[in-house]
Amino acid sequence: MSEPTDEVPAPEADDFDPTAPMPPLKTWSHLAKQRRRPSEYEVVSTNLLWSTDGDMPWALNPEIPLNKWYLKYRNGSPLRHDDWDGFRDPDQLVYRTYNILQDGQETYVDGLLDEFSEKQHDKGLDEAWIAALARLYTPARYLIHSVQMASAYLVQIVPASTIENCAMLQSADQMRWVSRIAYRTKELSYSWPDARFVAGERAAWEQERAWLGFRELMEKVLCAYDWGEHFVALQLVAKPAIDEAFLRQLGIAAQRNGDTLLGLLLAAQMADSDRSRRWTRALVDYAAQTDGNRALMAEWIAKWEPLGDQAIEAYCAELPDNPEAAREARRAAGEFRASCGFDA
Amino acid sequence: MALLDRSEWYDIARETNWTPSFVAESELFPDEMSDPYDVPVEAWETFDEPYKISYRQYVNIQREKDAAAYSVKAALSRQRFYESADVGYLNLIKMHYAAIALSEYAACHSDARMTRFGRAPGMRNMATFGMLDEMRHGQIQLWFPHELVGNDRQFDWAHEAHHSKNWAILAARHSLDDVMMSRDANTTAMMLNFAFEVGLTNIQMIGLANDAANMGDYTFQNLITSIQSDEARHAQIGVPVIEIMIENGKKAEAQYAVDVAFWRIWRIFAIAVGVPMDYYIPLEKRERSFKEYMHEFVITQYERQLRDVGLDRPWYWDLFLDDIENHHHCQQGGIWSWRETVWWHPVGAVSPPEREWLEEKYPGWNETYGYYWDVIIDQLVKDREEMTHQNCMPICCNVCQFPISNRPGPVWKARVHQTDHEGRRYNFCTPVCKWVFESDVERYAGNETIVDRMYNGTIQPQTLDAVLKYMGIGVISEGGRDGHDYRWADPYRPVADAAE
């Protein structure tokens, strides 16, 4: 047996023997040109989509709706790069490391819930804050679920598996918090049966002034079907707005109202958002290798930012004991975009 | 512990539908991505997944599963095993990884479609787990064969196959694109989660795990069993969808989706599972024939599952039963005869004791399929190996893409079924593939099989070498040769000598 090689030799035309054994490889042929040992992440995450190989996404008639959809919203997106498959997640998470990471995080959250329940934390909160939670916290499962859905749209429409995986884990992270918010909704209802926990969230999400901005933003983001625009609207506008208004500023209000548990839960959720921001920034940088992409993304930001700011304003205006909330949240969301190279 | 039980909060986490007011419902859930059946959203909201799990439980259970599967000890034992494994079994592994790794990953798209466009919140959450499961199955089934590319370049197909234009992959991709990649969320759930996963995959896993255990490949057995435990969970998405469809007067539509998908996946499944089971697994290790296995694990169970969910047997049931007796035997003959076109080393596996077994399991095999092999054996014993290769192109079906074939010998049952559409003639292997085509002509028309590409000039020059390279042979890895160097034909030599 010959030594493994990095080369991918093309067969000679004249003496082509289709069954002549070819030398074994050190890694997948498509990674061999790197000339270094690939990581587990690279081995299991790179170049996994077949629908980006040719001109037609799916091996069926070009006129079927799903071919037209992918041709228009993915292949036809003005956000272009010659090699989307070259993108790498800065965290290099794979499925198995994601579970290790999040199992640990969930153990931490279980510990928090257990500890605060033992201390009868909920009974000690005051009534005005409980009313605020019913209006401003527990309805958020609708908001976070909309991000779960929007992230799942990215999963099916992005042009590379390495981007798809980031979006997939982000979608799963949202389900994590939908679950935890549902958990807290039920738990709060036991201590405060008259506060309309469980029964009131949908109406709050659909009608409360605080949520109108976020609902408008997310309904419109969900319908932004061009993959590039969806990425910008979700990752650079909507998620930062949610992170800064809901996670950060609600967390500050919670601390001021003696709700240590909520402050810690929102901080734990922020750790997931920080990871999301790392790959978002990396993808912006990667896309910006192609001329024109940064300007295009800036245009999309300019289009979506007013909706993001409006959502922040509407939500933060209702937060008790946090008069600086809106200004701070807008500043921090802008700061994140600035860290991605987009100045306000 | 003062933690709440999952059942206390679970329903709240799946009450996440709202009425949009800033965009139209039809814009948020376009028919082509979501629900073309006009089932009211209130009906979808009754979706109740039979298997419930929380995110917290999921990451914990899956972490533990992976800890076992990825252990260093298991990796070492796999390596040792593959270095001494029979080539027939290695064929099974090579076919499996190439066919499955990227297909499983592709199913992340299908689940993502349900997570985004499903109208039932419970479905959206289940499909989120489904996405993660498929990511796992893609990644773990890339990691394992990657360990083997240093032993054998044909394992590179685990990653490259679906990027290639190999005839077997063109067939697989056409089916997978049809069934799981290019449909709305609800049709995808019926086709992928029910017909494909409940109908065939779950059971395929049981068969594969059995084969692996019989061969002593315990780490592969554990891997497959572990994957199967995920499939069993997310496959459940299809059942409530079909029930809701039927309750809302859409039984015919559900029946159609399930019947198309079951047939399409069956045509691949028979090759990926049937050929290894009846030919590649060494005779002494075979537990049951593919046919027995189909009857025991698929037919009885699938019939019951159809009944339970409120559907009927497919109209083509008798044709399906007949196909169980034929399709994989035909393809075994074809694959062996065109062995340089595949990325494994097909074994003939028709020595006298093997033929005896085949005749016992498939009465009449010797007079029909045996007739095909007799011609090949005759050439081999006359030392005319070169005459056992096919140099012409078969006619391929314009739906399943496989060479059109059927029972050979005196009965000669091979027929081409045809239809004309917009000035072009399309060929089909069976009335079922013809029905699939005619039921949605606009979807399938324009298809080009590998043979169409040869004749219409897509493949240039029009030589056998060019076709092989087009298919990735000699590019990704070498193509196949007889895996046992024709030793299976040795027992025929004295008999032939005596006859002369």
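These notes cover the structure that comes with them. (Residues numbered from 1 in each chain as written. Chains lettered and ligands numbered in written order. Predicted model: local features only at pLDDT ≥ 70, side-chain atom pairs only at ≥ 80, totals over all residues. Heavy atoms only, no water.)

### Overview of the overall build of chain A
Here is the rule: Helix numbering and strand numbering both begin at the N terminus, where a helix is a DSSP run of H or I of at least 4 residues and a strand a DSSP run of E of at least 2. Three exposure classes are used, based on accessible area relative to the maximum for each residue type with a 1.4 Å probe and protein chains only: buried under 20%, partly exposed in between, and exposed over 50%. Contacts between residues were defined by any pair of non-hydrogen atoms, one from each residue, lying within 4.5 Å. Note on areas: Shrake-Rupley with a 1.4 Å probe; residue coverage comes only from the protein chains shown. Within this scheme the basic residues Lys and Arg register as positive and the acidic residues Asp and Glu register as negative, but His and the chain ends are omitted. Charge coordinates come from a single atom per side chain, which is NZ of Lys, CZ of Arg, CG of Asp or CD of Glu.
For chain A, the helix and strand inventory stands at 13 helices and zero strands. Seen in sequence order, chain A has helices and strands lined up from the N terminus as α-α-α-α-α-α-α-α-α-α-α-α-α. Buried positions account for 62% of the 344 residues belonging to chain A. A separation of at least 24 residues holds for 76% of the contacts in chain A among residues at least 6 apart in sequence. A total accessible area of about 12600 Å² is found for chain A, and carbon and sulfur atoms account for 49% of it. In chain A, 37 side chains carry a positive charge and 54 a negative one; their mean positions are 4 Å apart.

### Here we look at the packing of helix α12 (residues 293-316) of chain A against helix α13 (residues 325-339) of chain A
All names here are of chain A. Inclusion rule: Every angle, taken between N-to-C directions, lies between 0 and 180 degrees, and every axis is a line fitted to C-alpha atoms, over only the stretch in contact when it is a helix. Should an angle fall under 35 degrees it is taken as roughly parallel, and over 145 as roughly antiparallel, whereas 65 to 115 is taken as roughly perpendicular and any remaining angle as oblique. In this scheme the handedness of a crossing depends on how the near helix is turned from the far one: anticlockwise by less than a right angle means left-handed, clockwise means right-handed. Amino acids outside the nonpolar list (Ala, Val, Leu, Ile, Met, Phe, Trp, Tyr, Cys, Pro) and the charged list (Asp, Glu, Lys, Arg) are all regarded as polar, and Gly is one of them.
Interaxial distance between α12 and α13 falls to 9 Å at its minimum, and their mutual angle equals 150°. Overall, the two elements α12 and α13 adopt an arrangement that is roughly antiparallel. The two elements α12 and α13 meet at a crossing, and its hand is right-handed. Only A325, A326, A329, R330, A333 and R337 of α13 make contact with α12, whose side of the interface consists of I301, E305, D309, I312, E313 and C316. Classifying every residue of the contact of α12 with α13 gives seven nonpolar, no polar and five charged.

### Description of the pattern of salt bridges
Our working definition: One speaks of a salt bridge when a side-chain nitrogen belonging to Lys or Arg is within 4 Å of a carboxyl oxygen belonging to Asp or Glu.
The tally for this structure, following the rule as stated, stands at 71 salt bridges over all chains. Note that R337 of chain A and E305 of chain A form a salt bridge whose closest N and O atoms lie 2.9 Å from each other. Here R337 of chain A, found in helix α13, pairs with E305 of chain A, found in helix α12; they are 32 residues apart in sequence, far enough to count as distant. Judged by its relative accessible area of 22%, E305 of chain A is partly exposed. For the salt bridge of R313 of chain B with E303 of chain B, the shortest nitrogen-to-oxygen distance reads 2.4 Å. Of this pair, R313 of chain B sits in the loop between α14 (290-309) and α15 (317-337) while E303 of chain B sits in helix α14; the two residues are 10 residues apart in sequence, bridging distant segments of the chain. Classification of E303 of chain B by relative accessible area gives partly exposed; the value is 21%. Counted as one network, the salt bridges with shared partners bring together D103, E106, D110, D173, R176, R180, D272 and R275 of chain A together with R56 and R63 of chain B.

### Re the pairing of strand β1 (residues 417-421) of chain B
Residues and elements named next belong to chain B. Put simply, the rule is: Pairs of strands are assigned from DSSP output, requiring at least two bridges between the strands.
Relative to strand β2 (residues 424-428), β1 runs antiparallel, the two sharing five bridges. In the strand pairing of β2, T419 is matched with Y426. Between β1 and β2, which pair antiparallel and follow one another directly, the connecting turn spans two residues, one of which, E422, has a positive phi of 45°.

### A short note on the nonpolar core
A general trend in soluble globular proteins is that nonpolar side chains are found buried together. Where we set the bar: We call a set of buried Ala, Val, Leu, Ile, Met, Phe, Trp, Tyr and Cys residues a nonpolar core when their side-chain atoms join them within 4.5 Å.
Formed by 298 residues in total, the largest nonpolar core has its most connected members in F214, F246 and Y315 of chain A together with F220 of chain B. Residue contributions to this core peak at 18 residues, all from helix α13 (residues 251-280) of chain B. Among all residues touching F246 of chain A, those that are not within four sequence positions of it are L136, Y137, A140, I144, I181, W211, A241, G251, L266, Q269 and Y315 of chain A.

### What to know about the interface of chain B and chain A
Selection criterion: Summed over both partners, the accessible area lost on bringing two parts together, with a 1.4 Å probe, is the buried area. Under this definition, polar contacts are N or O atom pairs within 3.5 Å; protein pairs additionally need one hydrogen-donor-capable and one acceptor-capable atom, and for neighbouring residues in sequence, both atoms have to be side-chain atoms.
Contact residues are listed per partner, giving 95 residues for chain B and 99 residues for chain A. Of all residues in chain B, the largest losses of buried area upon contact with chain A belong to W18, Y55 and R153 of chain B, amounting jointly to 10% of the total for that side. Here D110 of chain A and R56 of chain B are joined by a salt bridge, their closest N and O atoms 2.7 Å apart. At the junction of chain B with chain A, the criterion picks out 57 residue pairs in polar contact (both at pLDDT 80 or more). For the side of chain B that touches chain A, the element with the highest residue contribution is helix α7 (residues 121-146) of chain B, accounting for 14 residues. When the residues that make up the side of chain B that touches chain A are grouped by side-chain class, the tally is 43 nonpolar, 24 polar and 28 charged.

### Considerations on helix α11 (residues 218-234) of chain B
All names here are of chain B. Selection criterion: Expected helix span is taken as 1.5 Å per residue step, with the number of steps being one fewer than the number of residues.
If you check α11, its first and last C-alpha atoms are 25 Å apart, about what 17 residues at 1.5 Å a residue would give, namely 24 Å. For α11, the full list of buried residues reads T219, F220, L223, I224, S226, I227, Q228, D230, E231, R233 and H234. At its buried positions, α11 is contacted by α4 (55-69), α5 (72-84), α6 (87-117), α7 and α10 (185-215).

### Here we look at unusual backbone geometry
With an omega of -15°, the peptide bond running from Q460 of chain B to P461 of chain B counts as cis. In this structure, P461 of chain B sits in the loop between α20 (450-455) and α21 (464-470). One non-glycine residue with positive phi stands out, namely R35 of chain A, at about 55°. Locating R35 of chain A in the fold gives a position in the loop between α1 (29-32) and α2 (40-45).

### So, the packing of aromatic side chains
What counts, and what does not: Pairs were defined over the aromatic rings of Phe, Tyr and Trp, the Trp ring being its six-membered one, requiring ring centres within 6.5 Å. Orientation was assigned from the angle between planes: stacked under 30 degrees, edge-to-face over 60, tilted for the rest. Placement of a charge over a ring requires the Lys NZ or Arg CZ to be within 6 Å of the ring centre, with the centre-to-atom vector within 35 degrees of the ring normal.
Throughout the structure, instances matching the rule amount to 53 aromatic pairs over all chains. Measuring from centroid to centroid gives 5.8 Å for Y73 of chain A and Y225 of chain A, while their planes differ by 50°, and the two rings are tilted. Linking Y73 of chain A in helix α3 (residues 65-75) with Y225 of chain A in the loop between α9 (209-222) and α10 (227-256), this pair joins segments that are 152 residues apart in sequence. Considered together, Y73 of chain A and Y225 of chain A belong to a single accessibility category, that of buried residues. Centre to centre, the rings of Y153 of chain A and F117 of chain B are 6.0 Å apart; their planes meet at 85°, and the pair counts as edge-to-face. Here Y153 of chain A, found in helix α6 (residues 140-157), pairs with F117 of chain B, found in helix α6, and the two come from separate chains. Accessibility assignment for this pair places Y153 of chain A and F117 of chain B in one class, buried. An aromatic cluster is built from F194, F262, W266, F269, F290, Y293, F297, Y302, W317 and F320 of chain B, whose rings are joined through pairwise contacts. One residue, R96 of chain A, lies across the ring of Y70 of chain B, its end atom 4.7 Å from the ring centre.

### Focus: the side chain of E40 of chain A
For E40 of chain A, the location among the structural elements is in helix α2. Accessibility expressed as a relative area gives 18% for E40 of chain A, which makes it buried. A distance of 2.8 Å separates the side chain of E40 of chain A from the side chain of R96 of chain A, its partner in a polar contact. Those residues in contact with E40 of chain A that lie beyond four places of it in its chain are V94 and R96 of chain A together with Y70 and W143 of chain B.

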